[in-house]
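Read off the chains here:
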Amino acid sequence: MQNYIKKIIGDFQKPKEPIYYTSLFKSCGIGEYYLKENLGLVAAVSNEIVPQRAKWAQELYPECNVVCGDIWDKKTFKKLVRLHKKKGCTGVIASPACQSYTLSNSRRNPSDKRGHLFEPTLEFIKYTVPEWILIENVPQMLTVKLDDGRIVGEYIVEELRKMGYIVHYGVQNAANFFVPQNRRRAIILARKAKAWELPTLFDEIITLEDAIGDLPSIECGEDSGIKYHVAPMWALPQIEVMKHTPTGCSAHDNPVWKPVNVDGTPSKAKFHCSFQRKAWNEPCNTILCDSKGVSGFRNCHPGRLLPDGTYSDARPLTVLELLRVTGLPDDYPIPTWASDKLIRDAFGECFAPLHVLAIMKGLFD
């Protein structure tokens, strides 16, 4: 991992004094993991509404004042503004919830409360006037239209420019920053002093084989003995279907072994991406919250052809494999108390840390 970090930051020497910022909608803080050590950027204040995620973030960043609460709540909002000023924060990183916009949510509603989280974000910026701002979300944030007629991305950019910021924005894929995962994000960068542009893409692409191909093959329910490399269990009929599904393919295309429910009856799953294996020779597809379920979005591990004609590793990715496809080291400190669901949800919603590092390095260019 250090090799990729070096390619991103080059010979950069971090400042002797830390640069403090506020992190809104922090979740567990996965995306910010490389900032302090490599750039001297320190989250002094953070906000997260989910208690378990706030607890994770507090353990990972003990120097940070993590405020657990709803940013729509006036007391929480005022506390964040006060702490931002008190701690001498000069910037803001904001990652509002994406469920209202993302195409992976069949029940998305851009005009619900979460779809309006850009409003308290802009209000916070008005009250604190930071020197720099990073806002990220799923690509749809830039183009989605609300019931009131506003296009979210256009509105955010216009409001920031009215406040005197120089704004650059666009969509980038984390796979262009040494992350073995196709994870496209909308990025909005705003700065007062001078332009802050989106980082230049790297040509080198890390495939899933590069990232996890060295790990031992295991099946559902097996423990390799390597930390975090434990395979969750699926229903036996579903395991059998996936054993007969080639790498990169969906069981929907199998001539015989079609998708089934946990009891072995035919599944009514309609989407081709369900009951589908990942491919070895390309970056992992986007990791979503439901990275464990066989009927989720292309969740099955790629396999290797066995002598009996079936394929190995009929299972979801292990937590160790999730770490690697997110661009994190094998010894990343996941809390011992964290449930499998919490861990998978956190990685399903995170901002890839190597991508964040490349973006934030631009502050110093």
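Provided above is the structure to which this section pertains.
Here the structure is a predicted model, which is why all the values come from computation and not from measurement. (Residues numbered from 1 in each chain as written. Predicted model: local features only at pLDDT ≥ 70, side-chain atom pairs only at ≥ 80, totals over all residues. Heavy atoms only, no water.)

### Details of the overall build of the protein chain
- When helices and strands are counted, the protein chain shows 11 helices and 7 strands.
- Here the C-alpha radius of gyration of the protein chain, 21 Å, is about what a compact globule of 365 residues would show, namely 21 Å.
- Overall, the protein chain is about 65 × 50 × 40 Å in size when its C-alpha atoms are taken along their principal axes.
- By residue count, 56% of the 365 residues in the protein chain fall in the buried class. (Helix = DSSP H or I, 4+ residues; strand = E, 2+ residues; numbered from the N terminus. Rg over C-alpha atoms; globule rule 2.2 N^0.38 Å. Buried < 20%, exposed > 50% of the residue type's maximum accessible area, 1.4 Å probe, protein only.)

### Concerning the environment of Ile212
- Within the secondary structure, Ile212 sits in helix α7 (residues 208-212).
- Every residue in contact with Ile212, bar those within four places of it in the chain, is listed here: Trp280, His301, Leu317, Glu321, Arg324 and Val325. (Contact = heavy atoms within 4.5 Å.)

### What to know about the packing of aromatic side chains
- Taken as a whole and judged by the stated rule, the model has 12 aromatic pairs.
- On the numbers, 5.4 Å between centres and 10° between planes, the contact of Tyr4 with Phe178 is stacked. With a gap of 174 residues between them, Tyr4 in helix α1 (residues 2-9) and Phe178 in the loop between β6 (166-173) and β7 (184-191) connect regions that are remote in the sequence.
- Of the residues examined, Phe178 reaches a relative accessible area of 2% and is grouped as buried. (Phe/Tyr/Trp six-rings, centres within 6.5 Å; stacked < 30°, edge-to-face > 60°.)

### A closer look at the sheet that holds strand β5 (residues 132-137)
- A sheet is described by the order of its strands in space; here 7 strands give the open sequence β3-β2-β1-β4-β5-β7-β6, paired in mixed fashion. Of all the strands in the sheet, the pair left with one neighbour each is β3 (65-68) and β6. Strand after strand, the sheet turns through a mean of 15° between neighbouring axes, direction not considered.
- Of the strand pairs in this sheet, β6 and β7 are connected by 8 bridges, and their pairing is antiparallel. In the strand pairing of β7, Val171 is matched with Ala186.
- Against the sheet, helix α3 (residues 51-60) makes contact with β2 (41-48) and β3, and its axis sits at roughly 180° relative to β3, the strand it touches most.
- Strand contacts of helix α5 (residues 118-128): β1 (19-24), β4 (91-94) and β5, with the helix running at about 150° to β1, the strand carrying the most contacts. (Pairing = 2+ DSSP bridges. Axes fitted to C-alpha atoms, helices over the stretch in contact; angles between N-to-C directions.)

### With respect to the nonpolar core
- Membership of the largest hydrophobic core comes to 62 residues, with the highest contact counts inside it found for Leu35, Trp56, Leu134, Tyr332, Ile334 and Met360.
- Per-element accounting of this core gives the leading share, 6 residues, to helix α11 (residues 353-361). (Core = buried A, V, L, I, M, F, W, Y, C linked by side-chain atoms within 4.5 Å.)

### A word on the side chain of Glu159
- Among the structural elements, Glu159 can be located in helix α6 (residues 152-162).
- Leaving out residues up to four positions away in the same chain, Glu159 has contacts with Leu122 and Lys126.

### With respect to the state of the cysteines
- If you walk through the whole model with that rule in mind, you get 0 disulfides.
- Free cysteine: Cys220, not disulfide-bonded; nearest cysteine sulfur from Cys300 at 7.6 Å. (Disulfide = S-S within 2.5 Å.)

### A few points about the environment of Ile188
- Considering the arrangement of structural elements, one finds Ile188 in strand β7.
- Distance from Ile188 to His244, taken between C-alpha atoms, is 44 Å for residues 56 residues apart in sequence.
- Apart from the residues lying within four places of it in its own chain, the contact partners of Ile188 are Ile133, Leu134, Ile135, Met141, Leu142, Ile156, Val157, Leu160, Val167, His168 and Tyr169.

### Some remarks on a positive patch on the surface
- Together, Lys79, Arg82, Lys86 and Lys87 make up a region of like positive charge exposed at the surface.
- The exposure class of Arg82 is partly exposed, given its relative accessible area of 46%. (Patch = residues over 30% accessible without salt bridge, like charges linked within 9 Å, V, L, I, M, F, W, Y side chains within 5 Å. Areas by Shrake-Rupley, 256 points an atom, 1.4 Å probe, with all protein chains shown as cover. Salt bridge = Lys/Arg side-chain N within 4 Å of Asp/Glu carboxyl O. Lys, Arg positive; Asp, Glu negative; His and termini not counted. Charge placed at Lys NZ, Arg CZ, Asp CG, Glu CD.)

### So, the packing of helix α9 (residues 319-326) against helix α10 (residues 340-349)
- Where α9 contacts α10, the two axes come as close as 11 Å, and the packing angle between them is 15°. In terms of orientation, α9 lies roughly parallel with respect to α10. The element α9 and its partner α10 pack so that their crossing is left-handed. Residues Val319, Leu322, Leu323 and Thr326 of α9 touch α10, and the partners they reach there are Asp340, Ile343, Arg344 and Phe347.
- Tallied by class, residues from the contact of α9 with α10 come to 5 nonpolar, 1 polar and 2 charged. (Parallel < 35°, antiparallel > 145°, perpendicular 65-115°, else oblique. Left-handed = near helix turned anticlockwise from the far one by under 90°. Nonpolar A, V, L, I, M, F, W, Y, C, P; charged D, E, K, R; others polar.)

Honestly, it's all geometry; don't read function into it.
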